[in-house]
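Residue strings, one per chain:
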Amino acid sequence: LGLEHYVKTMGVPQPEFFRRIVWSSEEPTADASAIPMHMLSEFARTHVTMVLSGDGGDELMGGYPTYLATLLGGYFQRLPRFITQGIIEPVVDSLPVVFGKTTLDYQLKLFMRGYDLPSEKRHYYWRSIFDDRQKGLLYRQSFKEKLNDFRAFDAVDLYFKQAQGTMLERLMEVDTRFYLANDILVKVDRSSMAYGLEVRNPFLDYNLVEFLAKVPPHLKFNWCMNGKMPLKRVMRNILPRKIINQKKKGFNAPINQWFRGPLNDFVHDVLSRENVNRIGVFDPDYVEALISDHERIKADNGYKIYGLLFFLLWDEMFMKNSLFEVDQNPVNVVLN
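**A few points about the pattern of salt bridges**
What the rule picks out here adds up to 16 salt bridges. The residue R273 makes a salt bridge to D285 at a minimum N-O spacing of 2.5 Å. Of this pair, R273 sits in helix α17 (residues 273–279) while D285 sits in helix α18 (residues 284–295); the two residues are twelve residues apart in sequence, bridging distant segments of the chain. With relative accessibility at 35%, the residue R273 sits in the partly exposed group. For the salt bridge of D293 with R296, the shortest nitrogen-to-oxygen distance reads 3.1 Å. D293 sits in the partly exposed class, given a relative accessible area of 22%. Put simply, D58, K228 and K248 are held in one network by salt bridges that share partners.

As structure tokens, then:
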């Protein structure tokens, strides 16, 4: 395309880098892609003040692998139980844990734990860090009593009840209105603005959004090419075939490896029993078990550890740390 290209290899971030992410986020989130987003924003800002982003393309044109997984889950539900529970599930459970970038064993195990749910909950489940059963183990009894049977899915379900069309169309609409708006765009905006970098999203131009909303779902997604078919067709005479047909990679960081290796001391320091007890929300025994299973490669708990790590750092900075005075009105926060 005649662009001037820049490449930089990133190393393992220091603990202070994580604190910078929490500080700029201002609220507790568990999206680990904020790590590479911060790295990219800091690097890009050394060359430019404004960049273009492809955010919105997956939601508008069916590009997420979870769409395929949700549709496949419906077919798996029709299989006899002796096949799914007697053969497939034991085989998948026996797969060794491999730390990497959304590895096959991680995806298969996640799929088999969620395929039997209703379609809306399946889609939500595959986006979750802790499912309801795991939250029951994670939360202290005193905190669970305060929840009054609240379920996080209730917030997403409001959007599903308003969505119309085929299942794929409903999934894309909910992701656009909920996931994109409350996670992706917030993460990108706060990560980039931490370095004074402006990010613009061409795919979210309202004319394009309105046009794509009228495109039939079978022209956006099929079982062979998966999603983003309109984009692939437009670019097929511009980009090499290997680029257009390459597997979706996502935007992840190898936190599962870092938390067992160079950042292991940082994890134990932040998620110490003393710190976990201080906030009174999580069961310290369960938190220690998550870390232990991860260190012994019994399970890939990288995302869970990151979420807990982020939450405790956020609590330290915004709810506990002496940098802030919080008056009786929680909306008014005054910097010392």
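**Notes on α18**
In this model, α18 (twelve residues) spans 16 Å end to end at C-alpha, consistent with the 16 Å of a helix rising 1.5 Å per residue. For α18, the capping residue at the N-terminal end is D283, with a side-chain oxygen 2.8 Å from the backbone nitrogen of D285. Just downstream of α18 lies I297, where phi reads positive at about 55°.

**A short note on the packing of aromatic side chains**
Working definition: an aromatic ring pair is given by the centre-to-centre distance plus the angle between the planes. As enumerated under the stated definition, the model contains 17 aromatic pairs in all. Taking the centre distance of 6.4 Å and the plane angle of 20° together, the rings of Y139 and F282 count as stacked. Separated by 143 residues along the polypeptide, Y139 in the loop between α8 (132–138) and α9 (141–147) and F282 in the loop between α17 and α18 bring together distant segments of the chain. Members of the aromatic cluster, joined through ring pairs, are Y139, F143, F282, F311 and W314. Between R127 and the ring centre of Y64, over which it is positioned, the NZ or CZ distance is 4.6 Å.

**Thoughts on the packing of helix α5 (residues 81–93) against helix α6 (residues 104–114)**
Put simply, α5 and α6 touch, their axes get as near as 9 Å, and they point 150° apart. The angle between α5 and α6 places the two elements in the roughly antiparallel class. α6 is crossed by α5, and the crossing has left-handed handedness. Residues T84, I88, E89, V92 and D93 of α5 form the contact with α6, whose participating residues are L108, K109 and M112. In the contact of α5 with α6, the residues fall into four nonpolar, one polar and three charged.

Analysis parameters
Residues numbered from 1 in each chain as written. Predicted model: local features only at pLDDT ≥ 70, side-chain atom pairs only at ≥ 80, totals over all residues. Heavy atoms only, no water. Salt bridge = Lys/Arg side-chain N within 4 Å of Asp/Glu carboxyl O. Helix = DSSP H or I, 4+ residues; strand = E, 2+ residues; numbered from the N terminus. Buried < 20%, exposed > 50% of the residue type's maximum accessible area, 1.4 Å probe, protein only. Expected span 1.5 Å × (residues − 1). Polar contact = N/O pair within 3.5 Å; in protein donor to acceptor, adjacent residues only side chain to side chain. Phe/Tyr/Trp six-rings, centres within 6.5 Å; stacked < 30°, edge-to-face > 60°. Lys NZ or Arg CZ within 6 Å of the ring centre and 35° of its normal. Axes fitted to C-alpha atoms, helices over the stretch in contact; angles between N-to-C directions. Parallel < 35°, antiparallel > 145°, perpendicular 65-115°, else oblique. Left-handed = near helix turned anticlockwise from the far one by under 90°. Contact = heavy atoms within 4.5 Å. Nonpolar A, V, L, I, M, F, W, Y, C, P; charged D, E, K, R; others polar.

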